[in-house]
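# What the coordinates show
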Protein chains: 2
Amino acid sequence: MEADLITVEEALSRIGQNVSLLAPKLMSIDDASGLVLAEDLRSKINMPPFRQSAMDGYAVRFEDKGVEYLELIGEVAAGVDASSTQLKQGQAVRIFTGAMVPDSADTVIRQEDVVQLNSRIKIDIWPKRGANIRPEAEQTSKGEIIAKSGDVLNPARLSYVAGMGVSKLWCYPKANIAVVITGSELQKNTEDLRPGCIYESNSYAIIGSVKNIDNQYLKVFYLNDELKYSIEVFKTQLDEYDCVIFSGGISVGDYDFVAQILDDKSVEKVFYKVKQKPGKPLFFGKRDQQYIFALPGNPAAALTCMYVYVNPAIRKMMGWSEFYTDTINLSLKETIELNGGRSQFLKAKQDGGSVDVLEYQSSAMLKSFAEADCLVYLNGEKACYQKGEIVKCYKL
Amino acid sequence: MEADLITVEEALSRIGQNVSLLAPKLMSIDDASGLVLAEDLRSKINMPPFRQSAMDGYAVRFEDKGVEYLELIGEVAAGVDASSTQLKQGQAVRIFTGAMVPDSADTVIRQEDVVQLNSRIKIDIWPKRGANIRPEAEQTSKGEIIAKSGDVLNPARLSYVAGMGVSKLWCYPKANIAVVITGSELQKNTEDLRPGCIYESNSYAIIGSVKNIDNQYLKVFYLNDELKYSIEVFKTQLDEYDCVIFSGGISVGDYDFVAQILDDKSVEKVFYKVKQKPGKPLFFGKRDQQYIFALPGNPAAALTCMYVYVNPAIRKMMGWSEFYTDTINLSLKETIELNGGRSQFLKAKQDGGSVDVLEYQSSAMLKSFAEADCLVYLNGEKACYQKGEIVKCYKL
């Protein structure tokens, strides 16, 4: 039976191969923080757009060097159009950082090097010709590529392209995600618990683990274990989501029906069952541009699958070129013995270059997961991993 | 003049000393993802709340071991109250994972080890007495502490406490943040650029760099460099924000007026000016429970101050015990020579255990910041940092 399971590596590789990018959308830069660009962006302006003072000081004509007193004929604040300001021989203007340098000036003297006497100034130290002026287009020329398709709009890049006049841009949008909670034993935590029931909690883990996607793109459906109702929902409401994540209903029991639904519908199975612990009965399939995961109902198994498989798929949909979950190599603090030949993900805590595998690894329990900051990955090719051995760890 | 500057270390330490935690709020668990707990939480239930089957299989009385056929008297699905189900001698019930084990049963046989013949079953392999049953309260007892004040509600912890029946909990709330953009040269990027003006872009960097806070808690105000208007706004609208971040208006120029406002108001200065590059004219002050930062207007300087100073302050307000920005020690790929005795933050990119300092370090430019994933920190105590030297890097 274990023979038809695929390996963790194969499952990850099939996610990479099968998930396509969402269709790009033209959006306002106000909504683009953290998204991935779907076009090369060009600057709409020269930056600076004019010769700009780099200092608070005085704009002068360098040819006046040697003149004892210059006549102060006005001032140019930032934001002011100075193109009509004309410096004649022996004249200067007060100028501020970021302000436009009048065409007739070619040098800015720092205010620390100047003594101002009413309407005259005396320059103590002359810098080089052209000093303290940022030339037009020094940073960026109009039409220059300022960001490329595939670039993530991190805070600096977003700000950079905003400064170059970009107000709308093509991005990969946020994925719309439906989380479908199955299990008639599950109750909401605002109710008193009925005999035989437990509180539903997987939705919190699943939604909480999806990064960079606001709540408005995430919707939770609660289904009872009734086949007909759930097929109905699947046919209609779920169609509008880019990614559907089922929680529970995928194991072998008579009441586990999600696999049946997926079979009945035209969902193409990419894989079902991975040689891993926890999370063996993980299903991944697709249907046109929609991706469907069915996670085991055990909380720790569901959350492990979210970090290792589902979030990479979502990142790929949203255009990330590095979409797999970050890993780090750390040295085991204690020897770990495994039973069974499955790969294991173990809740663990980083400690410098080492890693502590935590107690309570049961897939039904989240106690240790709450303390963990990584999952130690052991590929199961051997039964014992020695203290000090370097192992791959998935960052949470 | 450099003598009255404080060091980076001193500035960071004063932020830690001066910022207090926000007043905790009682909130729905639906709104608590990523927040920090402000109380010890106790489980409202035993978990499991009843003796729970760990398998799909058959619940039996162990004393019937040896009987060839057991009579199947029904089934117990997950979510069903089985307290009235009575097994008499020689009887069994079908049972599913997570379902309540009837009181009269003491063992669950895996379905793989059973042959079912209509209303009878034949058990091939008997496990130990009590097998495949999770005892009541095996994971957690009612009243047990399940999370402590100061714990971050990460996905696993949130799900864990939700499963224990917690629906409301005291947390440190999200900070309300006002970003005040000053500078009459700044235009919105939906307009054509007027002579002497540039596009406002710092708001994108500032807001984009604030983590874990939804847009609804972030408000941008655009002010012209007019003192009266801005004082008016500060007096009224800004009062409702936990943190006010000014961008620009804090340097030495005549038109830089933010320091004046802060002086005029009862804002207590904690520090003004840090011995660093970029970001020397950084101001930090407080006014009752409100924290005020004034950032330099240069984009790269403003964003550096966000990562190094402002975000730690916000995290501290929100209850994080580890609120300073994560650092990592990396080895310089090239020798770096500094001029001036100020500490420097250099845009850089991690490459395994090494770090590449990028080109274009000007505080007016964001080109390199967009490519960076860390800031190399050089404390300025010496003029030259050698290739291969280990340096502290702030993660972005």
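Up top you'll find the structure we're talking about.
The following refers to the structure shown. (Residues numbered from 1 in each chain as written. Chains lettered and ligands numbered in written order. Predicted model: local features only at pLDDT ≥ 70, side-chain atom pairs only at ≥ 80, totals over all residues. Heavy atoms only, no water.)

Expressed as a screw operation, the relation of chain B to chain A combines 0.0 Å of axial shift with a rotation of 180 degrees, fitting to an RMSD of 0.1 Å. Both copies are brought into coincidence by an operation consistent with a two-fold rotation axis. Judged by C-alpha distance, Asp214(B) is the residue of chain B that lies nearest the rotation axis, at 3.9 Å. Here 100% of the interface residues in chain B have copies in chain A that are interface residues too; the copies meet face to matching face. (Least-squares fit on C-alpha atoms with pLDDT ≥ 70 in both. Contact = heavy atoms within 4.5 Å.)

This brings us to the environment of Glu240(A). With respect to the element layout, Glu240(A) can be found in the loop between α4 (227-235) and β18 (243-247). For the pair Glu240(A) and Ile95(A), spaced 145 residues apart in the sequence, the C-alpha separation amounts to 57 Å. (Helix = DSSP H or I, 4+ residues; strand = E, 2+ residues; numbered from the N terminus.)

What follows concerns the nonpolar core. In this structure, Tyr309(A) and Tyr309(B) are the most contacted members of the largest nonpolar core, which totals 163 residues. Ignoring any residue separated from it by four or fewer positions in sequence, one finds Tyr309(A) in contact with Val8(A), Ala11(A), Leu12(A), Ile15(A), Val274(A), Gln276(A), Leu282(A), Phe293(A) and Phe345(A). (Core = buried A, V, L, I, M, F, W, Y, C linked by side-chain atoms within 4.5 Å. Buried < 20%, exposed > 50% of the residue type's maximum accessible area, 1.4 Å probe, protein only.)

Residues and elements named next belong to chain A. The pairing of strand β23 (residues 327-332) with strand β26 (residues 354-357) spans two bridges and is classified as parallel. Looking at the pairing, Ser-331 lines up with Ser-354 of β26. Taken together, the four bridges between strand β25 (residues 343-351) and β26 define a ladder with antiparallel strand orientation. Bridging across to β26, Lys-349 finds its partner in Asp-356. Counting the residues that bridge the hairpin from β25 to β26 gives two residues, and of these Gly-352 lies at a positive phi of roughly 65 degrees. (Pairing = 2+ DSSP bridges.)

Here we take up the sheet that holds strand β19 (residues 268-272) of chain B. Residue and element names in this part refer to chain B. Spatial ordering of the open sheet is given by β17-β14-β18-β22-β21-β19, a layout of six strands whose pairing is mixed. At either end of the open sheet lies a strand with only one pairing partner, and these are β17 (218-223) and β19. In this sheet, neighbouring strand axes are inclined to one another by 15 degrees on average, regardless of whether the strands run parallel or antiparallel. One ladder, built from five bridges, connects strand β18 (residues 243-247) with strand β22 (residues 290-295); its direction is parallel. Within the sheet, the bridge partner assigned to Cys-243 lies in β22 and is Tyr-291. Contacts between helix α6 (residues 299-317) and the sheet are confined to β14 (177-182), β18 and β22, with β22 contributing the most and set at about 175 degrees to the helix. (Axes fitted to C-alpha atoms, helices over the stretch in contact; angles between N-to-C directions.)

To continue, consider the interface of chain B and chain A. Put simply, an interface is often sized by how much accessible area is lost when its parts join up. The interface is formed by 69 residues belonging to chain B together with 69 residues belonging to chain A. In this assembly, chain B and chain A are joined by four salt bridges. The partner of Arg157(A) in a salt bridge is Glu371(B), with the nearest N and O atoms 3.0 Å apart. There are 20 residue pairs in polar contact (both at pLDDT 80 or more) connecting chain B and chain A. Elements supplying a minimum of two residues to the side of chain B that touches chain A: α2 (155-163), β16 (198-199), α3 (202-209), α6 and α7 (367-371) of chain B. Of the residues belonging to the side of chain B that touches chain A, the class tally is 33 nonpolar, 21 polar and 15 charged. (Salt bridge = Lys/Arg side-chain N within 4 Å of Asp/Glu carboxyl O. Polar contact = N/O pair within 3.5 Å; in protein donor to acceptor, adjacent residues only side chain to side chain. Nonpolar A, V, L, I, M, F, W, Y, C, P; charged D, E, K, R; others polar.)

All names here are of chain A. Interhelical geometry of helix α1 (residues 8-18) versus helix α6 (residues 299-317) gives an angle of 20 degrees and a closest axis separation of 10 Å. With respect to each other, α1 and α6 are oriented roughly parallel. In the packing of α1 onto α6, the handedness of the crossing is right-handed. Between α1 and α6, the contacting residues are Val-8, Ala-11, Leu-12, Ile-15 and Gly-16 on the first element and Val-308, Tyr-309, Ala-313 and Lys-316 on the second. Across the contact of α1 with α6, the residue classes tally to seven nonpolar, one polar and one charged. (Parallel < 35°, antiparallel > 145°, perpendicular 65-115°, else oblique. Left-handed = near helix turned anticlockwise from the far one by under 90°.)

The subject of this paragraph is the state of the cysteines. Residues and elements named next belong to chain A. For the coordinates displayed, the defined rule picks out zero disulfides over all chains. The thiol of Cys-243 is unpaired, and the distance to the nearest cysteine sulfur, on Cys-305, comes to 13 Å. Given a relative accessible area of 0%, Cys-243 falls into the buried group. (Disulfide = S-S within 2.5 Å.)

None of this, on its own, says anything about what the molecule does.
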